[in-house]
Amino acid sequence: MDWSINTLPLPEYVELGVHSLSGLLWTLLFLFLWHCYRIGSDLPIPGHAGKLKSSSRRSMISRSGVCMGTKCSARSKLSRSDQIAPFISMETAKDEEQGQGYLTPVLSHALFPAQASAEAKKLYAALQEYAKRYSWVGMGRIHKGLREQVRLNDLSTIQKPHLFFLPDVPSVPFFPRDAHRHDIEVLEANYPAILAEFQAVYQRGIDSKSGWTCLGPKSQAVFSLYSAGVCVAENCRSCPSTYRTLLSLRTFINSNSLGSAGFWLLGPGAILGSSYGPTNTRLCCHLLQTPTSCELVVGGEPQCWSEGHCLLLDDSFLHTISHKPPESGPRVILSVDLWHPNVAAAERQALDYMFTP
């Protein structure tokens, strides 16, 4: 017998059109995205675990629609209080040790410490203005440093800058030449011209009419070329070679009030007592000639200058300078403030904005 498929009892079927199939695919895609959203919304965010747990509970209660007795009223009060006051998440000791959570107070809208000085609050406002104009990217250490400046001022440490401390910056009292090799080589190559210009301005006399500023007794004076980031035009015209040398340096701080450059004199028998510099974001570079009786102690480490060679130091450490009387000549240095090598370019730009002269 011949069999044909047409003789078999088959159920009726419906042909799926193109529109029906695309609708099914879109439905599946929508369900997949919704599933990913729900899973992602339940993941904990570092520093906000407590908030997410409480919000998760409230969402579960609202979905179930069941609330009984005093528990319901207590949680409703918690919900209203969360709407009134923003959640503040402070960094833990573990986060501070690991260098994490720099911007946690920013993201959680934490208030700036009330006990901070007026200068610190002014700097924080400048940082917020900079971040609003540009970005918070790379501003973590600066933000953390401003918040911790109050606590640093209360500590008794060997490194305590009185104006601004940038955290997590590796530092030592004295730095090797490799930290700023280019700038050191430029300064030392121009040493003869710099020394000749100093001798010319020194022979004119140490008084205000000649561009000198007397800082105290025993011939303590400075001939400023840059003062707090501002060029002293008259003095720079008196020392054109030195001025051009400063402009050729790659890391010279000449755009904010943290940077200065000039000739410094210290008379015989003078002692500059223990003090801290304003910030750890810079290094002081010393050049020129000094008597052998002069001594510099930074962070408990003594060091002497060598004529014609640069000396790099971090003056945010406790430091003293002494010039013993047997030598008759003054101690003379060209002091130039350079950026600390561990301060990033974005941080330098922000500090220029915050410390605009």
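For the structure itself, consult the block above.
So, here's what we can say about the structure. All of these numbers come straight from a predicted model, not from anything done at the bench.

1. Overview of the overall build of the protein
Part 1 of the reasoning: Looking only at helices and strands, the protein has twelve helices and twelve strands in total.
Part 2 of the reasoning: Counting over 357 residues, the protein shows a buried share of 38%.
Part 3 of the reasoning: For the protein, contacts bridging at least 24 residues in sequence account for 72% of all contacts bridging at least 6.
Part 4 of the reasoning: Carbon and sulfur atoms make up 59% of the accessible area of the protein, which totals about 20,800 Å².

2. Some thoughts on helix α6 (residues 118-133)
Part 1 of the reasoning: With 16 residues, α6 extends 23 Å from end C-alpha to end C-alpha; this agrees with the ideal 22 Å at 1.5 Å per step.
Part 2 of the reasoning: Buried within α6 are the following residues: A120, L123, Y124, A126, L127, Y130 and A131. Mapping the buried residues of α6 onto a view down its axis gives an arc of 160 degrees, with all of them on the same face. Opposite its buried face, α6 presents the exposed residues A118, K122, K132 and R133, each directed more than 90 degrees away.

3. Concerning the packing of aromatic side chains
Part 1 of the reasoning: A full pass over the atoms with the stated rule returns eight aromatic pairs.
Part 2 of the reasoning: Ring centres of F223 and F263 lie 6.3 Å apart, and the angle between their planes is 35 degrees; this geometry places the pair in the tilted category. With F223 in strand β3 (residues 220-227) and F263 in strand β5 (residues 261-266), the pair connects residues that are 40 residues apart, well separated along the chain. Summarising the burial analysis for this pair, F223 and F263 share the class buried.
Part 3 of the reasoning: Put simply, the rings of F198, Y202, W212, F223 and F263 touch in pairs and so form one group of aromatic residues.

4. Some thoughts on the layout of surface pockets
Part 1 of the reasoning: Of the volumes computed, that of the largest pocket is approximately 700 Å³.
Part 2 of the reasoning: If you trace the largest pocket, you find 34 residues lining it, with W264, R282, D315, H319 and S335 closest to the centre.
Part 3 of the reasoning: At the level of secondary structure, the elements contributing two or more residues to the lining of the largest pocket comprise β3, β5, β6 (271-275), β7 (282-287), β11 (319-323) and β12 (331-339).
Part 4 of the reasoning: Counted by class, the lining of the largest pocket contains 17 nonpolar, 13 polar and four charged residues.

What counts as what
- Residues numbered from 1 in each chain as written.
- Predicted model: local features only at pLDDT ≥ 70, side-chain atom pairs only at ≥ 80, totals over all residues.
- Heavy atoms only, no water.
- Helix = DSSP H or I, 4+ residues; strand = E, 2+ residues; numbered from the N terminus.
- Buried < 20%, exposed > 50% of the residue type's maximum accessible area, 1.4 Å probe, protein only.
- Contact = heavy atoms within 4.5 Å.
- Areas by Shrake-Rupley, 256 points an atom, 1.4 Å probe, with all protein chains shown as cover.
- Expected span 1.5 Å × (residues − 1).
- Arc of directions from axis to C-beta.
- Phe/Tyr/Trp six-rings, centres within 6.5 Å; stacked < 30°, edge-to-face > 60°.
- 1 Å grid on protein atoms, 1.4 Å probe; cavity = no way out; pocket = protein on both sides within 12 Å on 5 of 7 lines; lining within 4 Å.
- Points joined across faces, edges and corners; volume = space filled by probe spheres on them.
- Nonpolar A, V, L, I, M, F, W, Y, C, P; charged D, E, K, R; others polar.

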